[in-house]
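So the chains spell out like this:
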Amino acid sequence: MKQLDTRSSRSGLGSRSGPGRLGIGIGWRPEIADAVERLPGLDWVEVVAENLCSGHLPASLARLRERGVTVVPHGVSLGIGGAERPDEKRLADLAARAEALGSPLVTEHIAFVRAGGALTASPRLEAGHLLPVPRTRDALDVLCENVRIAQDALPVPLALENIAALISWPGEEMTEGQFLAELVERTGVRLLIDVANLHTNHLNRGEDPVKALDELPVEAIAYVHVAGGMERDGVWHDTHAHPVPRPVLDILAELRSRIDPPGVLLERDDDFPPAEELAAELETIRATVTEAGRGQGLPPGVVGGDTAGTADGDAGAGAETRTDTDVDTDTDADTDTAAHAHARERLGLAQAALLSALVAGTPAPEGFEARRLGVQIRALAAKRADVVAKVAPELPEILGGGYRAAFLAYAKSRPMQEGYRRDALDFAEQLLIAGRPEDPVARRRLTHWWQDRAAPRPPGRTTRLVRAARAALVRR
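A quick note: this is a predicted structure, and the numbers were derived from the prediction, not measured. (Residues numbered from 1 in each chain as written. Predicted model: local features only at pLDDT ≥ 70, side-chain atom pairs only at ≥ 80, totals over all residues. Heavy atoms only, no water.)

Trainee: Residues and numbers for the overall build of the chain, please.
Mentor: Scanning the chain from N- to C-terminus turns up 16 helices and 14 strands. The buried share among the 476 residues of the chain stands at 54%. Across the chain, every contact between residues at least 6 apart in sequence was considered, and the portion connecting residues at least 24 apart equals 76%. When the accessible surface of the chain is summed, it comes to about 20400 Å², and 51% of that surface belongs to carbon and sulfur atoms. (Helix = DSSP H or I, 4+ residues; strand = E, 2+ residues; numbered from the N terminus. Buried < 20%, exposed > 50% of the residue type's maximum accessible area, 1.4 Å probe, protein only. Contact = heavy atoms within 4.5 Å. Areas by Shrake-Rupley, 256 points an atom, 1.4 Å probe, with all protein chains shown as cover.)

And the structure:
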């Protein structure tokens, strides 16, 4: 089967220029906005795309842009590895944010975040988390088509990130490196390589990070993520809330021995340390990259002497730029044919079965390790509780020390279906229907909170019956 030329304009190496030299950066978060602005030698920042309104940028980001600091939007909810085609509105939102920020590229994750719905004739479920795509031919075919749809909808190149995973799919047909290499070959998409995720998958799934780097098309790397984590329940959790450990820096050095990546970025999402500690971590990352590059003699963007692109991301002299008319149109070309439709259906059923086991209490699909599924189930519920507490901080304030236990009990029987803000409303509604909290003052406060956001009257018996029926359908 003929494949797309990897120098396609979609790759960012042709008519759409790549990100160029980004340098050393950090993930911008509102909690550390002031500290980020004061960091010495900061070259660029990355911001979670879903946390931005393209028509009204936070003042801190606006000031950074005025200083010439590059800002890259990083999506977390597209679910490009899911069985369904990418949602047009989510793609339009990503495009709008890229244009509002003047970004050189957009990034997302090779993951699925929801499953079910019309494709599988089952309730749609939200994971609220990045879940791994099986490394199978079906999943790769679907992913490649989804990537092309996304590339056509975005005004700048797309780069996709490898994720960390607690669980492995049974019957996988490729290693991570092989899977990513073929994805790049077939679509020309760029890669965002998270070396912390390579470390996580080494500890949790026994995957050799050096072998993964050997198999990766490192010349397709747009930039690199570095982050910390911790061990709990016998597995490594990619928390983004701890200092970067030495093994992660070692993998970064191993990658740098192969190529000088255009950018390296520190991710920190919680338990933020003082600005001095953030600056020290950035300096450690910079020193790791510099030291690993000594004696390599490779200028930026060059691998083993073969030019992968010039410093500004444009293709080398004489490189061919393909257009949409160059795409193969043979009957066996990689398009969304009936065979691909069947691949979507098979993938959709598999992902729905796994997600239902993780968030709705249905039996585990065959071949998954029960202990690891249990760890993932607890991790998903804990993350839901944490994020709901952030998007609706009034709830833990009203419920006090009983918030977490109440939410985890709710999460056991109430899978998320529409996102975290809806989840917060559903949680409050479920408590009110059950006559909780028992303290009348707290219950009155919770009622007013719910009324302000959902309806003029608190939920009653009719709502209880509707919710019970919906829950029964989900359990089926």
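Here the narrative resumes.
Trainee: Residues and numbers for unusual backbone geometry, please.
Mentor: Between R436 and P437 the backbone carries a cis peptide bond, its omega angle lying at 0°. Turning to its location among the elements, P437 is positioned in the loop between α14 (420–433) and α15 (440–453). For H240, which is not glycine, the phi dihedral falls at a positive 60°. The topology assignment puts H240 in the loop between β11 (235–237) and α8 (246–256). Since its relative accessible area comes to 10%, H240 is described here as buried.

Trainee: Go over the pattern of salt bridges, please, and point to the residues and values.
Mentor: Summed over the entire model, instances satisfying the criterion amount to 29 salt bridges. A salt bridge links E145 to R148; the nearest nitrogen and oxygen atoms lie 3.8 Å apart. Of this pair, E145 and R148 are both found in helix α4 (residues 137–153), three residues apart, which corresponds to roughly one turn of the helix. Of the two residues, E145 and R148, neither departs from the other in class, the shared state being buried. (Salt bridge = Lys/Arg side-chain N within 4 Å of Asp/Glu carboxyl O.)

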